[in-house]
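# Analysis of the macromolecular model
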Amino acid sequence: TVAGIVFVSPLSLPLAAPLWAQGNFELDPERIGSDRIVEGERWKEGSLSLPPWPRDADLVAWTPEGIRGDLRYFIDSANLRIDPSGQVVRYTLVVEAPSGTRNVSFEGIRCTLRGQYRVYAYGIDRRFERTPPGDWLPLPQDGSEAFRDDLFRHRFCVPRETHPRPVKDMLRALKGRVSANESTGFQAD
């Protein structure tokens, strides 16, 4: 020791390694979604049927984090569902312009570590028209479609896990009735 500086001999490092390694966290792969993994099987989405047209009385307004502009966002509370696979939240989205013009779509968000989305149908003349089958897409984290990332991170999926919240908790989160620790946390990339 010289003037409060401790010198460590390179020979002592191999002996020190087990000491510093103890107590550090280690990744536990069994904890992250292990109940969803079946060896030899690939995940398969449950069956899909289109919902009825949303009624104004059932629309829940929410303000997506990080989105600026005049658009208003709504989810149809009467048709917010978790699909039979237990991993996808299906919802009817209504986006309203200041003029009152609405875009309506029926979509799904998959509660994986990074999240994915798919649009199943668009609203045309007060009914839904299916879109062609497609792949699950990554969630846009900025721009005009970042509202889906907000739904994934703060409203629909359990932070740090790979499953949806209960529907009643999703509705609470849409209405802003969720504590900070219920909607935050890191997720592994």
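So, how was this worked out
- Residues numbered from 1 in each chain as written.
- Predicted model: local features only at pLDDT ≥ 70, side-chain atom pairs only at ≥ 80, totals over all residues.
- Heavy atoms only, no water.
- Disulfide = S-S within 2.5 Å.
- Helix = DSSP H or I, 4+ residues; strand = E, 2+ residues; numbered from the N terminus.
- Buried < 20%, exposed > 50% of the residue type's maximum accessible area, 1.4 Å probe, protein only.
- Phe/Tyr/Trp six-rings, centres within 6.5 Å; stacked < 30°, edge-to-face > 60°.
- Lys NZ or Arg CZ within 6 Å of the ring centre and 35° of its normal.
- Contact = heavy atoms within 4.5 Å.
- Core = buried A, V, L, I, M, F, W, Y, C linked by side-chain atoms within 4.5 Å.

Moving on, we get to the state of the cysteines. Note: disulfide means a covalent bond formed between the sulfur atoms of two cysteine side chains. Under the definition given, this model contains one disulfide. Note on cysteine connectivity: Cys111 is disulfide-linked to Cys157, with sulfurs 2.0 Å apart. In this structure the cystine formed by Cys111 and Cys157 twists about its S-S bond by roughly -75°; its chirality is therefore left-handed. Note that Cys111 is positioned in the loop between strand S5 (102-110) and strand S6 (116-124) and Cys157 in the loop between helix H2 (147-156) and helix H3 (167-174), a separation of 46 residues in sequence. Comparing Cys111 with Cys157 shows no difference in burial state: the two are buried.

Applying the stated criterion across every chain, the model contains seven aromatic pairs. On the numbers, 5.4 Å between centres and 40° between planes, the contact of Phe106 with Tyr120 is tilted. Residue Phe106 is found in strand S5, and its partner Tyr120 is found in strand S6; the two are separated by 14 residues along the sequence. For Tyr120, a relative accessible area of 6% puts it in the buried group. Here Tyr120 and Trp136 contribute two aromatic rings whose centre-to-centre distance is 6.5 Å and whose plane-to-plane angle is 90°, an arrangement assigned as edge-to-face. Of this pair, Tyr120 sits in strand S6 while Trp136 sits in the loop between strand S7 (127-130) and strand S8 (137-138); the two residues are 16 residues apart in sequence, bridging distant segments of the chain. Judged by its relative accessible area of 13%, Trp136 is buried. Positioned above the aromatic ring of Phe74 is the side chain of Arg102, whose terminal nitrogen or guanidinium carbon lies 5.9 Å from the ring centre.

Another point: the environment of Ala121. Within the element layout of this structure, Ala121 appears in strand S6. Beyond its immediate chain neighbours, meaning those up to four positions away, Ala121 contacts Leu50, Ser105, Phe106, Phe128, Glu129, Arg130 and Thr131.

In this structure, Ile75, Leu80, Phe156 and Leu174 are the most contacted members of the largest nonpolar core, which totals 24 residues. Contributing elements (two or more residues each) for this core: strand S1 (59-62), strand S2 (72-76), strand S4 (88-96), S6, H2 and H3. Those residues within four positions of Leu80 in sequence are excluded, and the remaining contacts are Ile75, Val89, Arg90, Tyr91, Phe156, Val167, Met170, Leu171 and Leu174. Listed in part, the 10 residues of the second largest apolar core include Val88, Val94, Phe106 and Tyr120.

Here the focus is H3. Along H3, the residues classified as buried are Asp169, Met170, Leu171, Ala173 and Leu174. Summarising the contacts, the buried residues of H3 are in contact with S1, S2, strand S3 (81-82), S4 and H2. Trailing H3 by a residue or two, Gly176 shows a phi angle of about 80°, which is positive.

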